[in-house]
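Coordinates in review
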Amino acid sequence: MVGMIATDKLIICVAPCGSFLTKEANPALPITPVEIADEVHRSWNEGASLAHIHARSEDGRATTDPAVFREISRCIREKGCDIVLDFSTSPGREPDANVEDGFRVLEAAQEMASVDIGVMVFMREGKERIVPWTRSYDERLTRAMVEKGIKPEFEVYGPGGLVELNYLTENVSLSKPYWIDFALNMQRTAQGATPFTPRNLMHLVNLLPEDAMFMTMGVAAAETPAVVQSILLGGHARVGFEDNLYYRRGELAKSNAELVARVARIGTDLGRSIATPDQTRELLGIARPQG
């Protein structure tokens, strides 16, 4: 952890919907731009300074259509909500969707967008889907973000992802700090994913490159333990319905904001102060969007 950038400010990220889950899993899951904006606004009021956004088409399937991302952004901003927006470049769920569609998202992104590190095999409803987030793809996507002034959020699923991140930092002129999301406990639906254990997270943090900052997400029941350890290690926290639909075992969360409020309370109790959106921009080296 020698090279990690530490701060007493705690960045809380909300991930309101993701790309797989539906209202059948939790009726409070937001799907439309208005619903997503409402959830982001409520979460911002509880302390979230960053929002990781997936867009959905009218039929509810995940999409990379930049027009939908722009509409989500418009709905959020018209509420007077200045949360930092981080758009997912993950493929949509249209029949012909592929990783190249991630470049479409950059047409709408102003501040941040995700770069998934490493080839993954997702398993849903008895089907396997290979997503080729290869080294060459990640390099092309990262270069495109740099050219557009978009801050990358590097989603790392295990130790191998940090090897690939080192390649990117050595071959692409990236602004510092590097912002890393440790995505843990996805092993039930993603081959090659790393389970959350305190030892696993500690190992990943020890492998961080110089000039890095990190947040942690834990899927399902691992959400709260993972983010609490992240806070204790000087990192930051991601919560939300993309990762976990429950407030506690057997009790569905009523909103994303409920999950944000809990981690804000824990972070404060552990001696961290909750970062505002502008403090988050300053920490990550992001210019405030105009207009």
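What comes next concerns the included structure. Computed from a predicted structure; not experimentally measured.

**Observations regarding the overall build of the chain**
When helices and strands are tallied, the chain shows 9 helices and 17 strands. Here the C-alpha radius of gyration of the chain, 17 Å, is about what a compact globule of 291 residues would show, namely 19 Å. For the chain, the C-alpha atoms occupy an extent of roughly 45 × 45 × 45 Å along the three principal directions. Sequence separation of at least 24 residues holds for 73% of the intrachain contacts in the chain that already meet a minimum separation of 6. Split by element, the accessible area of the chain, about 12200 Å² in all, is 51% carbon and sulfur. Put simply, the chain has 31 plus and 40 minus side-chain charges, and the middle of one group is 3 Å from the middle of the other.

**Quick notes on the packing of aromatic side chains**
Scanning all chains against the criterion turns up 6 aromatic pairs. Ring geometry for F103 versus Y137: centroids 5.8 Å apart, planes at 90°, classification edge-to-face. With F103 in helix α3 (residues 102-105) and Y137 in helix α4 (residues 135-148), this residue pair connects regions lying 34 residues apart in the sequence. The interplanar angle of 45° and the centroid separation of 5.6 Å between the aromatic rings of F182 and F214 together place this pair among those described as tilted. Of this pair, F182 sits in strand β11 (residues 178-184) while F214 sits in strand β13 (residues 212-218), placing them 32 residues apart in sequence. Grouping residues by exposure puts F182 and F214 together as buried.

**Some details on the packing of α4 against helix α5 (residues 159-171)**
Where α4 meets α5, the closest approach of the two axes is 11 Å, and the angle between their N-to-C directions is 45°. Relative to α5, α4 is oriented oblique. Read as a crossing pair, α4 and α5 show a hand that is right-handed. Together, R135, D138, E139, T142 and R143 of α4 and E164, Y167, L168 and N171 of α5 make up the contact between the two elements.

**Focus on the packing of helix α7 (residues 223-232) against helix α8 (residues 256-269)**
Contact pair α7 / α8: the axes reach a minimum separation of 11 Å and the direction vectors enclose 35°. Handedness of the α7/α8 crossing: right-handed. Along the contact surface, α7 presents E223, T224, V227, V228 and I231, while α8 presents L259, R262, V263, I266 and G267. Partitioning the contact of α7 with α8 into residue classes produces 6 nonpolar, 2 polar and 2 charged.

**Section: unusual backbone geometry**
Here K176 and P177 are connected by a cis peptide whose omega angle stands at 0°. Position of P177 among the secondary structure elements: in the loop between α5 and β11. Look at N185: it is not a glycine, yet its phi comes out positive at around 75°. By the secondary structure assignment, N185 is in the loop between β11 and β12 (190-191). Phi at D211 takes a positive value of approximately 65°, unusual for a residue other than glycine. Residue position: D211 is located in the loop between α6 (198-206) and β13.

**Looking at the side chain of R56**
Relative to the elements of secondary structure, R56 occurs in strand β4 (residues 55-56). Of the side chains bearing the opposite charge, D59 lies closest to the buried R56, which forms no salt bridge; the N-O distance is 8.1 Å. A distance of 3.4 Å separates the side chain of R56 from the backbone oxygen of C17, its partner in a polar contact. Separated by 2.8 Å, the side chain of R56 and the backbone oxygen of G60 make a polar contact. If we ignore the near neighbours within four places in the chain, the residues touching R56 are C17, G18, S19, F20, L21, L29, I31, R61, A62, T63 and V68.

**As for the sheet that holds β12**
Strands sit in the order β9-β8-β12 across an open sheet of 3 strands; the sheet is antiparallel. Each edge of the sheet is formed by a strand with only one pairing partner; in this case those strands are β9 (127-131) and β12.

**Focus: the sheet that holds strand β2 (residues 12-14)**
In spatial order, the strands read β2-β3-β6-β7-β10-β11-β13-β14; together these 8 strands close into a barrel with parallel pairing. Averaged over all pairs of adjacent strands, the angle between strand axes in this sheet comes to 30°, irrespective of strand direction. Pairing analysis gives 2 bridges linking β2 to strand β3 (residues 50-53), with the strands arranged parallel. What sits directly across from C13, in β3, is L50. Against the sheet, α8 contacts β2 and β14 (236-239), and its axis sits at roughly 165° relative to β2.

Criteria and thresholds
- Residues numbered from 1 in each chain as written.
- Predicted model: local features only at pLDDT ≥ 70, side-chain atom pairs only at ≥ 80, totals over all residues.
- Heavy atoms only, no water.
- Helix = DSSP H or I, 4+ residues; strand = E, 2+ residues; numbered from the N terminus.
- Rg over C-alpha atoms; globule rule 2.2 N^0.38 Å.
- Contact = heavy atoms within 4.5 Å.
- Areas by Shrake-Rupley, 256 points an atom, 1.4 Å probe, with all protein chains shown as cover.
- Lys, Arg positive; Asp, Glu negative; His and termini not counted.
- Charge placed at Lys NZ, Arg CZ, Asp CG, Glu CD.
- Phe/Tyr/Trp six-rings, centres within 6.5 Å; stacked < 30°, edge-to-face > 60°.
- Buried < 20%, exposed > 50% of the residue type's maximum accessible area, 1.4 Å probe, protein only.
- Axes fitted to C-alpha atoms, helices over the stretch in contact; angles between N-to-C directions.
- Parallel < 35°, antiparallel > 145°, perpendicular 65-115°, else oblique.
- Left-handed = near helix turned anticlockwise from the far one by under 90°.
- Nonpolar A, V, L, I, M, F, W, Y, C, P; charged D, E, K, R; others polar.
- Salt bridge = Lys/Arg side-chain N within 4 Å of Asp/Glu carboxyl O.
- Polar contact = N/O pair within 3.5 Å; in protein donor to acceptor, adjacent residues only side chain to side chain.
- Pairing = 2+ DSSP bridges.

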